[in-house]
2 protein chains.
Amino acid sequence: MSAAAGEIEEGLTFQPKFDSEGLITCVVTDAGSGELLMVAHMNAEALRKTIESGDAWYFSRSRKQLWRKGESSGHGQRVVELRVDCDQDSLWLKVEQQGPGACHTGRRSCFYRAVPLGQGAATLEFREQERTFDPEAVYGKK
Amino acid sequence: MSAAAGEIEEGLTFQPKFDSEGLITCVVTDAGSGELLMVAHMNAEALRKTIESGDAWYFSRSRKQLWRKGESSGHGQRVVELRVDCDQDSLWLKVEQQGPGACHTGRRSCFYRAVPLGQGAATLEFREQERTFDPEAVYGKK
């Protein structure tokens, strides 16, 4: 293992590795239940604002803009703990999810469908069909 | 919302969205404890092999090759459930982790360090200092 790899994996210096688009992947779980809520991305500015404020800020790849989670929906996320992985190219946010859910489709978690195993052309199966809020009421017509 | 977006978010057709490098992000948790073990990536072939076999296959971005988790370490992952998120660009694998850990550094989880909040130049804090296995014994000298 190189000295640089050793420092990244075993050191105390936070040196997040952003990808070619300047983003780092964030896994977001509910600090209480441990449930996986969503996967999102941060750029350097979103990460700085998150660390400073304790509110989750992301960078929207589709809208190409910085975004404080909850600024449209009111469903913000207070960060209870922020972790980084061995090679410092992924982050884990344990959050207190405010409001009824994290997903823009109106569900608590974005991961509401399962892919059956052992099959070829897979048909998805809903695991959480019901919404916890009405996305049209929260975000307006899309 | 467009018809295409509606089908991706609410439909039953699995249409995973690979990024410009042909990869999709995978969040991997312990099916028993719910603990976040690692973040990895799959290409289309790794995803097909995972669905067919029930063993976790990934694509290594550093080694640029398909890789069955555990083929070097013996620490494989049996997939208990596979989920996809709303916009079908992230996967969640709930796995039975075989052996003492998922991380190549010798720990159970890759997320063994925390980034303190409310500080500027952040110094990492270890949350799991101890290794659950000796990586040199498992992988050989690196």
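Just above sits the structure.
All figures in this text were calculated on a predicted structure; none of them were measured in a lab.

Quick look at the sheet that holds strand β8 (residues 125-126) of chain B
The strands that make up a sheet are held in pairs by hydrogen bonds between backbone atoms, and each pair lies either parallel or antiparallel. Strands sit in the order β2(A)-β1(A)-β6(A)-β5(A)-β7(B)-β8(B) across an open sheet of six strands; the sheet is mixed. The open sheet is flanked by β2 (36-42) of chain A together with β8 of chain B, the only strands paired with a single partner. Here strand β1 (residues 24-30) of chain A pairs with β2 of chain A via six bridges, running antiparallel. Among the inter-strand pairings, Ile24 of chain A is bridged to a residue of β2 of chain A, identified as Met42 of chain A.

Overview of the relation of the copies chain A and chain B
Expressed as a screw transformation, the operator carrying chain A onto chain B has a rotation angle of 180° and an axial translation of 0.0 Å, and the superposed copies differ by an RMSD of 0.0 Å. Considering both components of the superposition, the chain copies are consistent with a two-fold axis. Relative to the rotation axis, the C-alpha of Gly34 of chain A is the closest in chain A, positioned 3.3 Å from it. Of all interface residues in chain A, 100% are interface residues in chain B too; the two copies therefore contact each other through one and the same surface.

Quick word on the interface of chain A and chain B
Residue-level contacts link 52 residues of chain A with 52 residues of chain B. For the pair chain A and chain B, the summed buried surface comes to about 4600 Å²; carbon and sulfur atoms form 57% of the total. Sorting the residues of chain A by area buried against chain B places Phe111, Arg113 and Leu117 of chain A first, and these three jointly supply 15% of that buried surface. Counting across the interface, chain A meets chain B through eight salt bridges. When the shortest N-O distance is used, the salt bridge between Arg127 of chain A and Glu81 of chain B registers 2.7 Å. Inspection of the region where chain A meets chain B yields 34 residue pairs in polar contact (both at pLDDT 80 or more). Sorting the residues of the side of chain A that touches chain B by element identifies α1 (3-10), β1, β2, α2 (44-53), β5 (77-84), β6 (90-97) and β7 (113-114) of chain A as the ones contributing at least two each. Looking at the side of chain A that touches chain B element by element, the count peaks at six residues for β5 of chain A.

As for the pattern of salt bridges
For the coordinates displayed, the defined rule picks out 22 salt bridges over all chains. Note that Asp30 of chain A and Arg108 of chain A form a salt bridge whose closest N and O atoms lie 2.4 Å from each other. Of this pair, Asp30 of chain A sits in strand β1 while Arg108 of chain A sits in the loop between β6 and β7; the two residues are 78 residues apart in sequence, bridging distant segments of the chain. We classify Asp30 of chain A as buried; its relative accessible area is 11%. Residue Arg108 of chain A is classed as partly exposed on the basis of its relative accessible area of 22%. The salt bridge involving Arg131 of chain A is made with Glu10 of chain B; its shortest N-O contact spans 2.9 Å. Within this pair, whereas Arg131 of chain A is found in the loop between β8 (125-126) and α3 (135-139), its partner Glu10 of chain B is found in helix α1 (residues 3-10), the two belonging to separate chains. Accessibility expressed as a relative area gives 42% for Arg131 of chain A, which makes it partly exposed. Accessibility expressed as a relative area gives 23% for Glu10 of chain B, which makes it partly exposed. Linked through salt bridges whose partners overlap, the residues forming this network are Glu81, Arg83 and Lys94 of chain A together with Glu125 and Arg127 of chain B.

Regarding the side chain of Ser73 of chain A
Residues and elements named next belong to chain A. Structurally, Ser73 is set in the loop between β4 (65-68) and β5. Residue Ser73 is classed as buried on the basis of its relative accessible area of 14%. In this structure the side chain of Ser73 is engaged in a polar contact, spanning 2.9 Å, whose partner is the backbone nitrogen of His75. Apart from residues no more than four positions distant in its own chain, Ser73 is found in contact with Val138 and Tyr139.

Notes on helix α2 (residues 44-53) of chain B
Residue and element names in this part refer to chain B. Of all the residues in α2, the buried ones are Ala46, Leu47, Thr50 and Ile51. Looking straight down α2, one finds that the buried residues subtend no more than 130° of arc, so they occupy a single side. Buried positions along α2 lie against β2 (36-42), β3 (57-60), β4 (65-68), β5 (77-84) and β6 (90-97). Two residues or fewer past α2, Gly54 is found with a positive phi of approximately 80°.

Some details on the state of the cysteines
Working definition of a disulfide: a covalent bond connecting the sulfur atoms of two cysteines. Applying the stated criterion to the full structure yields zero disulfides over all chains. In this model Cys110 of chain A remains outside any disulfide bridge; the closest cysteine sulfur is found in Cys103 of chain A, 3.7 Å from its own. On the accessibility criterion, Cys110 of chain A (8% relative accessible area) is buried. Cysteine Cys26 of chain B is unpaired, with the sulfur of Cys110 of chain B as its nearest cysteine sulfur at 13 Å.

A look at the pairing of strand β1 (residues 24-30) of chain B
Two faces belong to every sheet, and in a regular strand the side chains alternate between them. All names here are of chain B. Most of β1 is tucked away, with seven of its seven residues classed as buried. On β1, burial covers both faces: Ile24, Cys26, Val28 and Asp30 on one face and Thr25, Val27 and Thr29 on the other are all buried. With antiparallel pairing between neighbouring strands as the criterion, β1 and β2 make up a hairpin whose turn holds five residues, including Gly34 at a positive phi of roughly 80°. Note that β1 and β6 share six bridges and pair parallel. From the neighbouring strand, Asp30 faces β6, where its bridge partner is Val95.

Each value, and the rule that gives it
- All residue numbers here refer to positions counted from 1 along the written sequence of the relevant chain.
- By the order in which they are written, chains take letters starting at A while ligands take numbers starting at 1.
- Two thresholds apply to this predicted model, a pLDDT of at least 70 for residue-level local features and 80 or more for giving and counting side-chain atom pairs, whereas whole-chain, interface and lining totals are computed over all residues.
- Side-chain measures were taken over the full set of non-hydrogen atoms in the model, leaving aside hydrogen atoms and water.
- Any two strands are treated as partners once DSSP identifies two or more bridges connecting them.
- For the purposes of this entry, the term helix denotes a DSSP run of H or I that reaches at least four residues, the term strand denotes a run of E that reaches at least two, and both are numbered from the N terminus.
- Residues reaching a pLDDT of at least 70 in both copies supply the C-alpha atoms on which the copies are superposed by least squares.
- Throughout, a contact is declared for two residues whenever any of their heavy atoms are within 4.5 Å.
- Accessible area, probed at 1.4 Å, shrinks when two parts are joined; the buried area is that loss added up over both.
- Any Lys or Arg side-chain nitrogen located within 4 Å of an Asp or Glu carboxyl oxygen qualifies as a salt bridge.
- N or O atoms within 3.5 Å of each other form a polar contact, as long as, within protein, one can give a hydrogen and the other can take it, and as long as residues adjacent in sequence are counted only when both atoms are side-chain atoms.
- Partly exposed residues are those whose accessible area sits between 20% and 50% of the maximum for their type, while under 20% is buried and over 50% is exposed, using a 1.4 Å probe and protein chains only.
- The arc in question is traced by the directions running from the helix axis to the C-beta atoms.
- Cysteine sulfur pairs qualify as disulfides if the two atoms are within 2.5 Å.

Everything listed is a geometric property; what it means functionally is a separate question.
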